[in-house]
Amino acid sequence: MRPLRYSINVSLDGCVDHMAGHADEERHQHAAQTVSRADAIILGRTTYELMEFWRTADDLPSWMRPFQESITAAKKYLVSSTRELDGWNTEALVGDPVEGVRALKEQPGEGLNVGGVTLPLALADAGLIDEYEFVVYPSLVGRGPRLFEGLAEPLDLRLVDVIEFASGARAERYVPASSL
């Protein structure tokens, strides 16, 4: 069974506004490696459309290109009832997204990544996420979606790794405490 990994940038106050925080080379390199180690990434419509920036961006600093290359090369599954596919190595995940992800996890491979806010909430509620990575940047944002707002039941996690970046950001990796 392939593990499902969730990774997201988050402020100290739990906001996941994609416009908050500051891009830097270390975090982009880390994100590129995160995407590259998965067989595929699973995205809801909103996150997919945010990631499409990388599809056509052409005036990027050289340190952003590895992430662009990894996200472009990645097999993508799109969870959406309104968005039509238009290439970019993307396949629709039709039907119940929780059952669709459960079926993807049962296939052989190295692992799957999921991004976004709404879809991971449903997957966490279903107990399908095997690893959580929060790239916490040292800012208070005070606006935007909040991480796991509306989670059906509390989920205990155990810290298994921390990467500290020169910027003061930290990549904190957790697994569900019930899986240890």
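Residues numbered from 1 in each chain as written. Predicted model: local features only at pLDDT ≥ 70, side-chain atom pairs only at ≥ 80, totals over all residues. Heavy atoms only, no water.

Student: Before we move on, could you go through the overall build of the chain and cite the residues and values that matter?
Tutor: Scanning the chain for helices and strands turns up six helices and eight strands. In sequence order, the chain lays out its α and β elements as β-α-β-α-α-α-β-β-α-β-α-β-β-β. Taking 2.2 N^0.38 as the reference for a compact globule, 180 residues should give roughly 16 Å; the C-alpha atoms of the chain span a radius of gyration of 16 Å, in line with that estimate. Along the first, second and third principal axes, the C-alpha atoms of the chain reach 40 × 40 × 30 Å. Counting only residues that meet the buried cut, the chain has 43% of its 180 residues in that class. Taking all contacts inside the chain whose residues are at least 6 apart in sequence as the whole, residues at least 24 apart take part in 74%. Between the mean site of the 17 positive side-chain charges and the mean site of the 28 negative ones, the chain shows a separation of 1 Å. (Helix = DSSP H or I, 4+ residues; strand = E, 2+ residues; numbered from the N terminus. Rg over C-alpha atoms; globule rule 2.2 N^0.38 Å. Buried < 20%, exposed > 50% of the residue type's maximum accessible area, 1.4 Å probe, protein only. Contact = heavy atoms within 4.5 Å. Lys, Arg positive; Asp, Glu negative; His and termini not counted. Charge placed at Lys NZ, Arg CZ, Asp CG, Glu CD.)

Student: Describe the side chain of Asn 113, and please don't skip the residues or the numbers.
Tutor: One can find Asn 113 in strand 5 (residues 112-114). Assessed through its relative accessible area of 6%, Asn 113 is described here as buried. Within the structure, the side chain of Asn 113 is placed 2.9 Å from the backbone oxygen of Thr 34, a separation counted as a polar contact. Sequence-distant contacts of Asn 113, defined by excluding residues within four places in its chain, comprise Leu 4, Arg 5, Thr 34, Val 35, Ala 38, Ala 40, Ile 41 and Ile 42. (Polar contact = N/O pair within 3.5 Å; in protein donor to acceptor, adjacent residues only side chain to side chain.)

Student: I'd love a proper account of the sheet that holds strand 1 (residues 4-11), names of residues and values included.
Tutor: Taken in spatial order, the eight strands of this open sheet run 4-3-2-5-1-6-8-7, and their pairing is mixed. Every interior strand has two partners, whereas the edge strands, strand 4 (90-92) and strand 7 (157-164), have only one. Strand-to-strand twist of the sheet, defined as the mean angle between neighbouring strand axes without regard to direction, takes the value 25 degrees. Two elements, strand 6 (residues 131-137) and strand 8 (residues 170-176), share five bridges in a ladder whose sense is antiparallel. Its bridge partner lying in strand 8, Val 136 is registered against Arg 170. (Pairing = 2+ DSSP bridges. Axes fitted to C-alpha atoms, helices over the stretch in contact; angles between N-to-C directions.)

Student: Explain the packing of helix 1 (residues 25-36) against helix 4 (residues 65-73) to me, and be specific about the residues and the numbers.
Tutor: At a minimum axis distance of 8 Å, the contact between helix 1 and helix 4 shows a crossing angle of 20 degrees. Relative to helix 4, the element helix 1 is oriented roughly parallel. The way helix 1 lies across helix 4 gives a crossing that is left-handed. Across from His 28, Ala 31, Ala 32, Val 35 and Ser 36 in helix 1, the residues of helix 4 making contact are Pro 66, Phe 67, Ser 70 and Ile 71. For the contact of helix 1 with helix 4, the class distribution of residues is six nonpolar, three polar and no charged. (Parallel < 35°, antiparallel > 145°, perpendicular 65-115°, else oblique. Left-handed = near helix turned anticlockwise from the far one by under 90°. Nonpolar A, V, L, I, M, F, W, Y, C, P; charged D, E, K, R; others polar.)

Student: Give a description of the nonpolar core that names residues and reports values.
Tutor: In globular proteins that are soluble, nonpolar side chains generally tend to be buried together. Counting 26 residues, the largest nonpolar core has Leu 4, Tyr 6, Ile 42, Leu 123, Tyr 132 and Phe 134 as the members making the most contacts within it. Among the elements of the structure, strand 1, strand 2 (40-44), strand 3 (75-79), helix 5 (97-105), strand 5, helix 6 (118-125) and strand 6 are those that each provide at least two residues to this core. The residues contacting Tyr 132, other than those within four sequence positions of it, are Tyr 6, Ala 124, Phe 148, Leu 155, Leu 157, Glu 172, Arg 173, Tyr 174 and Pro 176. (Core = buried A, V, L, I, M, F, W, Y, C linked by side-chain atoms within 4.5 Å.)

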